[in-house]
Structures are given as structure tokens and as C-alpha cells.
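# Structural overview
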Amino acid sequence: MDYLCFRALCCKGPPPPRPEYDVVCIGLTGAGKSSLLSRLCSESSDDIGPTTGFNIKAVPFPNAILNVKELGGADNIKKYWCRYYQGSQGVIFVLDSASSNEDLEVARNELHSALQHPQLCTLPFLILANHQDNRAARTPNQRPQRSAAGVTSLVKIAPLTWTNNVQAFFSDL
Ligand SMILES: Nc1nc2c(ncn2[C@@H]2O[C@H](COP(=O)(O)OP(=O)(O)OP(=O)(O)O)[C@@H](O)[C@H]2O)c(=O)[nH]1
Ligand SMILES: [Mg+2]
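Labelled according to an unreviewed UniProt entry, the chain appears under the name ADP-ribosylation factor-like protein 15, originating from Oryzias sinensis. Check the Sequence similarities (unreviewed entry) section of the UniProt entry for the chain; it says "Belongs to the small GTPase superfamily. Arf family."

Have a look at this one:
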């Protein structure tokens, strides 16, 4: 018995390293990308301002680490999004489900540009419908779902429940 305890304690070794994946996170300004990342990293999301440029966070999950690169969603930044797509292994598109119809249309166009971009079109693509606590939030059927040829099967639309959906989605990577 002593020998078994000795073996269990001394031969255990360090746990195997978790695989890491590079994920790009996009969405219009105010959609909640930085807030999402802060929550996923168990940090306060109280004093978050608009992201100027980009913001990178390593988000630890039990079986993997996601290195998420958030790209600021302001008009003068989003035109450069595509310069930062290279090397991505997954995409998170954060949507403000309670935004105006006009903003939703802008978001839809950005979403479909991203879905069709050569560096993103084959990647796992998660759309997070954020701001679900707002009474004006759209229901799942009202969110932009226009199909983009050949890519719809890669798209999952997930009402946001913070960590759970993100972890469940990317655990298949
Ligand atoms: N009520 C509510 N407010 C939210 C939610 N998510 C984010 N916010 C708030 O929305 C505002 C903008 O959130 P950010 O996380 O900065 O948005 P962002 O997408 O990173 O914006 P940019 O960096 O400018 O592209 C902040 O005041 C957040 O507190 C949500 O689900 N519900
Ligand atoms: Mg931000």
C-alpha cells in the first residue's frame, strides 16, 4: 500500500500542456467584445472603454487556452479588421441584439463580409447574441441569418450565457 501511495505521489508528473488556439473576436463598437473577454477571464468589466486598435487576452478553459484577439469595432478601426485575420483558427462575432435596425443591418453586412473572407470562411464561427438582458433584444429568429454560400454549416448562433457557450463551442476544435 505504501508503495502504491509513493507511486501515485511521485510518478504523477505535470499535467499535459493544454492546446492553444488563436481566435479573432469582431463586432461593432459597443457590442460587448471587451466585456465578454473580461468576464471569461474573471476580471471586472466595470471600467472598460472602447478598444482603440486591438486587445489580446489568453482565455483559459479546462481543456484548451484560447488566445483571443479583439479588434475594435469603431468605424475608423473596422476597415482594417482584415489585416489581423491571418493565423486565426476560429472567429467570435459579437452582436448587440438590442441595437437599432440600422445598426443591425451594419452588423449583418460586417458579419457576411467576415464569413466570406478567404482567411475566415473555413473556420469555426461563433455568433454571440449579446445584450440579452435588454428588453429590446431580438429573439433568436430575428437575428441576422442571411446565408452565405457554403458557410452556413459552420455558423452557430448562440444566445450569450457567457462562458458556457464559448467553451462548449470551441471544445470541438
Ligand atoms: N446591458 C448590457 N450591457 C453590456 C453587455 N455587454 C456589454 N455591455 C456594455 O456595453 C458597453 C460596451 O461594451 P464593450 O465591451 O466595451 O464593447 P466592445 O464591443 O468591446 O466595443 P469596442 O471596443 O468599441 O469595439 C459597456 O458599457 C458594457 O458594460 C450586455 O450584455 N448587457
Ligand atoms: Mg472593446
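Glancing now at the nonpolar core. By size, the foremost hydrophobic cluster in this structure holds 28 residues, and its most contacted members are Cys-25, Val-91, Ile-92, Phe-93, Val-94, Leu-95 and Leu-128. Breaking this core down by element, the ones donating at least two residues are strand 1 (20–26), helix 2 (33–40), strand 3 (65–71), strand 4 (90–96), helix 4 (101–116) and strand 5 (125–130).

So, about the pairing of strand 2 (residues 54–60). In the sheet, strand 2 pairs with strand 3 via seven bridges, with the strands oriented antiparallel. Paired with Ile-56 across the bridge in strand 3 is Lys-69. Hairpin remark: strand 2 followed by strand 3, antiparallel, with four residues in the connecting loop.

Let's shift gears to the UniProt feature "binding site: Mg(2+)" (unreviewed entry) in the chain. UniProt tags Ser-34 and Thr-51 as "binding site: Mg(2+)" (unreviewed entry). Spanning 18 residues, the annotated positions come together in the fold, the maximum distance between their C-alpha atoms being 7.5 Å. The residue Ser-34 is located in helix 2 in this model. Aside from chain neighbours lying at most four places away, what touches Ser-34 is Ile-48, Thr-51, Asn-55 and Glu-70. Position of Thr-51 relative to the elements: it lies in the loop between helix 2 and strand 2. Under the C-beta neighbour-count criterion, Thr-51 is labelled partly exposed, with 18 such atoms within 10 Å. Beyond its immediate chain neighbours, meaning those up to four positions away, Thr-51 contacts Ser-34, Glu-70 and Gly-72.

Thr-29, Gly-32, Pro-50, Thr-51 and Gly-73 are the nearest of the 20 residues found near ligand 1. Among the elements that take part in the shell around ligand 1, helix 2 stands out by supplying three residues, more than any other. Taken together, the residues that form the shell around ligand 1 break down as five nonpolar, 13 polar and two charged.

Here we take up unusual backbone geometry. One non-glycine residue, Ser-42, lies in the positive phi region at around 55 degrees. Its place among the elements puts Ser-42 in the loop between helix 2 and strand 2. Even without a glycine there, the phi angle at His-131 is positive, about 60 degrees. Among the structural elements, His-131 can be located in the loop between strand 5 and strand 6 (155–159). C-beta crowding within 10 Å serves as the criterion here: with 19 such atoms nearby, His-131 is assigned to the partly exposed category.

The rules we used
Residues numbered from 1 in each chain as written. Chains lettered and ligands numbered in written order. Predicted model: local features only at pLDDT ≥ 70, side-chain atom pairs only at ≥ 80, totals over all residues. UniProt positions renumbered as here; feature names shortened; annotations may be inferred. Core = buried A, V, L, I, M, F, W, Y, C linked by C-beta atoms within 7 Å. Buried ≥ 20, exposed ≤ 12 C-beta atoms within 10 Å, placed from the backbone. Helix = DSSP H or I, 4+ residues; strand = E, 2+ residues; numbered from the N terminus. Pairing = 2+ DSSP bridges. Contact = placed C-beta atoms within 7 Å. Near = placed C-beta within 6 Å. Nonpolar A, V, L, I, M, F, W, Y, C, P; charged D, E, K, R; others polar.

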